[in-house]
Amino acid sequence: MAGSVNKVTLVGNLGKDPDVRTTQGGAKIVSFSLATSDTWNDRASGEKRERTEWHRVVIFNERLADVAERFLRKGRKVYLEGSLQTRKWTDQGGVERFTTEVVLAAYRGELVLLDNKDAGDAPRQQQGRSQNNQQSGRWDAPARGSDLDSEIPF
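What counts as what
- Residues numbered from 1 in each chain as written.
- Predicted model: local features only at pLDDT ≥ 70, side-chain atom pairs only at ≥ 80, totals over all residues.
- Heavy atoms only, no water.
- Buried < 20%, exposed > 50% of the residue type's maximum accessible area, 1.4 Å probe, protein only.
- Helix = DSSP H or I, 4+ residues; strand = E, 2+ residues; numbered from the N terminus.
- Arc of directions from axis to C-beta.
- Pairing = 2+ DSSP bridges.
- Core = buried A, V, L, I, M, F, W, Y, C linked by side-chain atoms within 4.5 Å.
- Salt bridge = Lys/Arg side-chain N within 4 Å of Asp/Glu carboxyl O.
- Contact = heavy atoms within 4.5 Å.
- Polar contact = N/O pair within 3.5 Å; in protein donor to acceptor, adjacent residues only side chain to side chain.

**Structural notes on helix α1 (residues 62–71)**
Within α1 the residues assigned to the buried category are Leu 64, Ala 65, Val 67, Ala 68 and Phe 71. What you see down the axis of α1 is that its buried residues fit within an arc of 165 degrees, all on one side.

Spelled out as structure tokens, the structure:
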């Protein structure tokens with residue numbers, strides 16, 4: 001195979017409010033945990049079962065970091081696209097540790113707010129994508145009094 005693909009697409013709910021940090025250079029880095037759940041009926045017992053996976057998400061994209069800081073809160077449902085990255089560090093006890101994260105990089109990634117929880121005047125969606133190394137974004141604010149369900153394209 002001549003190439004490879006490293007792309008992650010998730011739809012889930014935030015486990016807690018995002019953590020916002022600023023680098024010495026002034027760039028924002030936003031991180032949060034995202035829960036995705038799978039449900040099924042157990043064949044043997046007929047009981048409904050659920051399994052939740054937790055994903056660590058880190059945003060290096062400046063525009064998406066701003067949106068995440070302003071609008072993401074615990075429980076919000078989001079759609080995101082990024083890539084997997086594993087990093088290594090040494091803890092205080094001298095033990096090497098590894099973590100794998102979903103990264104929305106400076107010129108890649110997408111973030112869409114899917115619910116309207118406590119949004120008030122907040123935009124319903126925010127997307128940030130890069131095409132040809134240019135960063136762009138889209139804000140879709142619903143009109144006051146509009147039926148939000150009729151604006152959803154799916």
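Now that the structure has been shown, we can carry on.
**Re the pairing of strand β3 (residues 28–41)**
Pairing between strand β1 (residues 8–14) and β3: two bridges, direction antiparallel. Bridged to Asn 13 within β3 is Ala 35. Relative to β3, strand β2 (residues 19–22) is paired through four bridges, and the arrangement is antiparallel. Residue pairing across strands places Thr 22 opposite Lys 28, the latter belonging to β3. Where β2 folds back on β3, the antiparallel hairpin that results is connected by five residues, among which Gly 26 adopts a positive phi of roughly 95 degrees. Pairing of β3 with strand β4 (residues 48–59) involves 12 bridges; the strand directions are antiparallel. Directly across from Leu 34, in β4, lies its bridge partner His 55. Between the antiparallel neighbours β3 and β4 lie six residues, among them Gly 46 with a positive phi of about 80 degrees.

**As for the nonpolar core**
Phe 32, Ile 59, Leu 80 and Leu 111 are the most contacted members of the largest nonpolar core, which totals 20 residues. Among the secondary structure elements, those contributing two or more residues to this core are β1, β3, β4, α1, β5 (77–90), β6 (96–104) and β7 (110–113). When residues in this core are grouped by element, the largest group, five residues, is from α1.

**Overview of the pattern of salt bridges**
If charged atoms from side chains of opposite charge come close, those side chains can pair. For the structure shown, the criterion picks out 11 salt bridges. Lys 28 is paired through a salt bridge with Asp 66; the nearest N and O atoms lie 2.8 Å apart. Taken together, the residues Lys 28 in strand β3 and Asp 66 in helix α1 connect sequence positions 38 residues apart. Overall, Asp 66 belongs to the partly exposed group, its relative accessible area being 30%. Between Asp 115 and Arg 76 there is a salt bridge whose closest N-O contact spans 2.6 Å. Here Arg 76 lies in the loop between α1 and β5 and Asp 115 lies in the loop between β7 and β8 (125–131), a separation of 39 residues in the sequence.

**Quick word on the pairing of β4**
Relative to β6, β4 runs parallel, the two being bridged by three bridges. Each residue of the ladder has a partner; that of Val 58, found in β6, is Val 103.

**As for the side chain of Thr 36**
If you trace the backbone, Thr 36 turns up in strand β3. With residues near it in sequence (within four places) discarded, Thr 36 still touches Leu 10, Val 11, Gly 12, Arg 51, Thr 52, Glu 53 and His 55.

**Observations regarding the environment of Asn 6**
Within the secondary structure, Asn 6 sits in the segment before β1. Overall, Asn 6 belongs to the partly exposed group, its relative accessible area being 43%. Separated by 77 residues in sequence, Asn 6 and Ser 83 have C-alpha atoms that sit 5.4 Å apart. In contact with Asn 6, not counting residues within four places along its chain, are Gly 82, Ser 83 and Leu 84. From its side chain, Asn 6 meets the backbone oxygen of Leu 84 in a polar contact 2.8 Å long.

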